[in-house]
Amino acid sequence: MRLALLPLLFAPLLSQAASLVVCTEASPEGFDVVRYNSLTTTNASADVLMDRLVEFDPESGQLQPGLAQSWQVSTDGLVYDFRLREGVAFHRTPWFTPSRTLTAEDVLFSFRRMLDATHPWHGTAPSGYPHAQSMQLGELIRSIEALGPQQVRFTLARPDATFLATLSMGFASIYSAEYAARLLAAGTPEQLDSQPVGTGPFVLKRYQKDALVRYLANPDYFAGKPAVDGLVLAITPDANVRLQRLRRGECQIALSPKPQDVRAVQDDPSLEVVATPAFMTAFVALNSQHPPLDRPEVRQAINLAFDKASYLKAVFEGSAQPADGPYPPTTWSHAADLPGYPHDPARARELLAGAGLAEGFKTTIWTRPAGSLLNPNPALGAQLLQADLARVGIQAEIRVIEWGELIRRAKAGEHDLLFMGWAGDNGDPDNFLTPQFACASVASGLNFARYCNARLDQLIAEGRRSSDQAERSRLYREAQKLIREQALWLPLAHPTATVLVRKAVEGYQASPFGRQDFSKVRVER
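Residues numbered from 1 in each chain as written. Predicted model: local features only at pLDDT ≥ 70, side-chain atom pairs only at ≥ 80, totals over all residues. Heavy atoms only, no water.

Colleague: Hey, could you run me through the overall build of the protein chain in this one?
Modeller: Within the protein chain one finds 20 helices and 20 strands. For the protein chain, the C-alpha radius of gyration of 23 Å lies close to 24 Å, the compact-globule estimate for 525 residues. Seen through its C-alpha atoms, the protein chain measures out along the principal axes to roughly 70 × 60 × 45 Å. Burial statistics for the protein chain: of 525 residues in total, 60% are counted as buried. Taking the intrachain contacts of the protein chain between residues at least 6 apart in sequence as the baseline, contacts between residues at least 24 apart amount to 72%. Carbon together with sulfur atoms contributes 50% to the accessible area of the protein chain, which is approximately 20,200 Å² in total. The positive charge centre, built from 52 side chains, and the negative charge centre, built from 56, are 3 Å apart in the protein chain. (Helix = DSSP H or I, 4+ residues; strand = E, 2+ residues; numbered from the N terminus. Rg over C-alpha atoms; globule rule 2.2 N^0.38 Å. Buried < 20%, exposed > 50% of the residue type's maximum accessible area, 1.4 Å probe, protein only. Contact = heavy atoms within 4.5 Å. Areas by Shrake-Rupley, 256 points an atom, 1.4 Å probe, with all protein chains shown as cover. Lys, Arg positive; Asp, Glu negative; His and termini not counted. Charge placed at Lys NZ, Arg CZ, Asp CG, Glu CD.)

As structure tokens, then:
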């Protein structure tokens, strides 16, 4: 019955001939991107509504000007001066009409609200600012000041080789201070999350949870009006339905296809596959704060019990490389000589017996209901892990939790074993280590292993401070060795970022980071 209604549901979306419709797999958590960490939310907010001071170009691997047209860094690496573009317009919406263009005031607001506990906006985020907290920006940035209407200076407490790249991440998007002031004066700061205002290529028009997000092209976008007049994210959790809608022309782009769907469209003359190696890692996080998972030998036993080869064959069907640690193999500091755990159930049982758990124990496996690039078949993956653990005496109950609720509760540390994935934003290896393994990330909720170790924290911090890539690689290799020894993750896979598109689509490129740029996409009619 529900499928029969789809053509009628999508008819209004397609009646706008110049709109691009993208079938995506989940609803965003909100639109105030600084409060969230999921790629789905970044795609729906930072990637279409917002801009940052600098942007990372995955093709060249270089940082490029964004809202800042240029910047200078002092010889000691402590002072960063940015010159903003002139005349950058904020969105005009039914809920806000800006009276001015972008200035240094907006940059100061965007960062101070996250970093300054006394700022009037700081307490308006119920769960805090996970990226800013995990990256310890409050300690790193000593001051932010306006040197003029279009000039901003960041002064750091210490050199940090990752600082510029960090500014290209979604959470570093620039907001309108004027709009924020109006909301605060009206006592409605929550509207920043539901009625966002940015400078990006598209303007939010309407959001219907679990159904669609509709945007209009920003005619005043500083980089030029997008090639399409509108954008619709058609929220479609089932990958099979995404493919059906793509084939019927109800959407022109389908994200996160299943591996078999990729094969199925190879001979379809109306569709094509756009793919690139992903800067991502799929993993199961082991909550080191929940006994008996607080013991490294138990976490090691879980790694040894798991038949990764069978998992990859069944779930990814040859579309991913096996993961041995946190880094994708294309990462410049990837420790290729550190092997993953072999499939050795006998050794797993020995470790459990040595830990006094010869009879096993009970635990839970958390996963999402719908597939994604990093987890194409959540139900099957969880069942395979459950069966492997049962063979060594671990009884695991599978709990399927809606994506937004899963993220919220996992950040609070409620999980035992959690199917999760991480996508780097800027090509720097620290973008995996700091969010996922630093002590500050336990408090922010991004460290899903809930593990804090002084030595590991020191290695990560020293890596950020050094500007010598060889030295950073040495430090990060030590960090990877410690992560492996402690078995903080059950590493799963490094997938290929694959997107299905209709051949009428021009200008779309798959990003290794999973980010989405629709500003240059054209659709032939």
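Colleague: Got a minute to help me understand helix α4 (residues 104-115) in this structure?
Modeller: Residues spaced three or four apart along an α-helix point in a common direction, a consequence of the helix completing one turn every 3.6 residues. For α4, which comprises 12 residues, the first-to-last C-alpha distance of 17 Å matches the rise-based estimate of 16 Å (1.5 Å per residue) to within 8%. Counting buried positions over the 12 residues of α4 gives 9, a clear majority of the element. Buried within α4 are the following residues: A104, D106, V107, L108, F109, S110, F111, R113 and M114. Of the surrounding elements, those touching the buried residues of α4 are β5 (79-84), α5 (130-134), β6 (141-148), β7 (151-156), α8 (177-186) and α9 (191-194). (Expected span 1.5 Å × (residues − 1).)

Colleague: What is the right way to look at unusual backbone geometry in this model?
Modeller: Leaving glycine out, the prevailing phi sign among residues is negative, and the prevailing peptide bond configuration is trans. Put simply, P291 and P292 share a cis peptide bond, and its omega is 0°. Positive phi, close to 50°, is recorded for E317, a residue that is not glycine. Its location among the elements puts E317 in the loop between α13 (308-316) and β14 (320-322). Judged by relative accessible area, which is 27%, E317 ranks as partly exposed. Backbone geometry places R450, a non-glycine residue, at a positive phi of 55°. Within the fold, R450 resides in the loop between α18 (440-444) and α19 (454-465). With relative accessibility at 11%, the residue R450 sits in the buried group.

Colleague: Help me understand the state of the cysteines in this model?
Modeller: Here a disulfide denotes one covalent bond, and it connects the sulfur atoms of two cysteines. With the rule as written, the count across this model stands at 1 disulfide. Here C439 is linked by a disulfide to C452, with a sulfur-sulfur distance of 2.0 Å. Its S-S torsion of approximately 95° makes the covalent link between C439 and C452 right-handed. Here C452 lies in the loop between α18 and α19 and C439 lies in the loop between α17 (430-437) and α18, a separation of 13 residues in the sequence. (Disulfide = S-S within 2.5 Å.)

Colleague: Just to check I follow, could you spell out the sheet that holds strand β4 (residues 68-73) for this structure?
Modeller: Backbone hydrogen bonds hold the strands of a sheet together, and the pairing may be parallel or antiparallel. Taking strand neighbours across the sheet as the criterion, the 4 strands line up as β4-β5-β7-β6 in an open arrangement whose pairing is antiparallel. A single partner strand is all that each edge strand has here, and the edge strands are β4 and β6. Each adjacent strand pair in this sheet contributes to an overall mean axis angle of 20°, direction not counted. Where β6 and β7 come together, 6 bridges link them in antiparallel fashion. The residue of β7 that forms the bridge with E145 is R153. Contacting β5, β6 and β7, α4 crosses the sheet at an angle of about 165° to β6. (Pairing = 2+ DSSP bridges. Axes fitted to C-alpha atoms, helices over the stretch in contact; angles between N-to-C directions.)

Colleague: Can you help me understand the side chain of S333 in this one?
Modeller: Here S333 lies in the loop between β14 and α14 (345-354). Since its relative accessible area comes to 4%, S333 is described here as buried. What S333 contacts, discounting residues up to four positions off in sequence, is Y327, P429, S473, Y476 and Q480.

Colleague: Even after reading the chapter, I still don't get the environment of Q195, so can you show me in this structure?
Modeller: Here Q195 lies in the loop between α9 and β8 (202-208). A C-alpha to C-alpha distance of 19 Å links Q195 and P219, two positions 24 residues apart in sequence.

Colleague: Just to check I follow, could you spell out the UniProt feature "domain: Solute-binding protein family" (unreviewed entry) in the protein chain for this structure?
Modeller: Taken from the UniProt record, the annotation "domain: Solute-binding protein family" (unreviewed entry) applies to residues 63-441. In the segment residues 63-441, helix accounts for 30% and strand for 23%; the C-alpha atoms at its two ends are 25 Å apart. (UniProt positions renumbered as here; feature names shortened; annotations may be inferred.)

Colleague: I keep staring at the pairing of strand β2 (residues 54-57) and nothing clicks. Help me out?
Modeller: Each regular strand carries side chains that alternate between the two faces of the sheet. Where β2 and strand β3 (residues 62-65) come together, 4 bridges link them in antiparallel fashion. Each bridged residue has a counterpart across the sheet, and for E55 the counterpart in β3 is Q64. Following β2, the chain reverses through 4 residues before pairing antiparallel with β3; G61 in that reversal takes a positive phi of roughly 70°.

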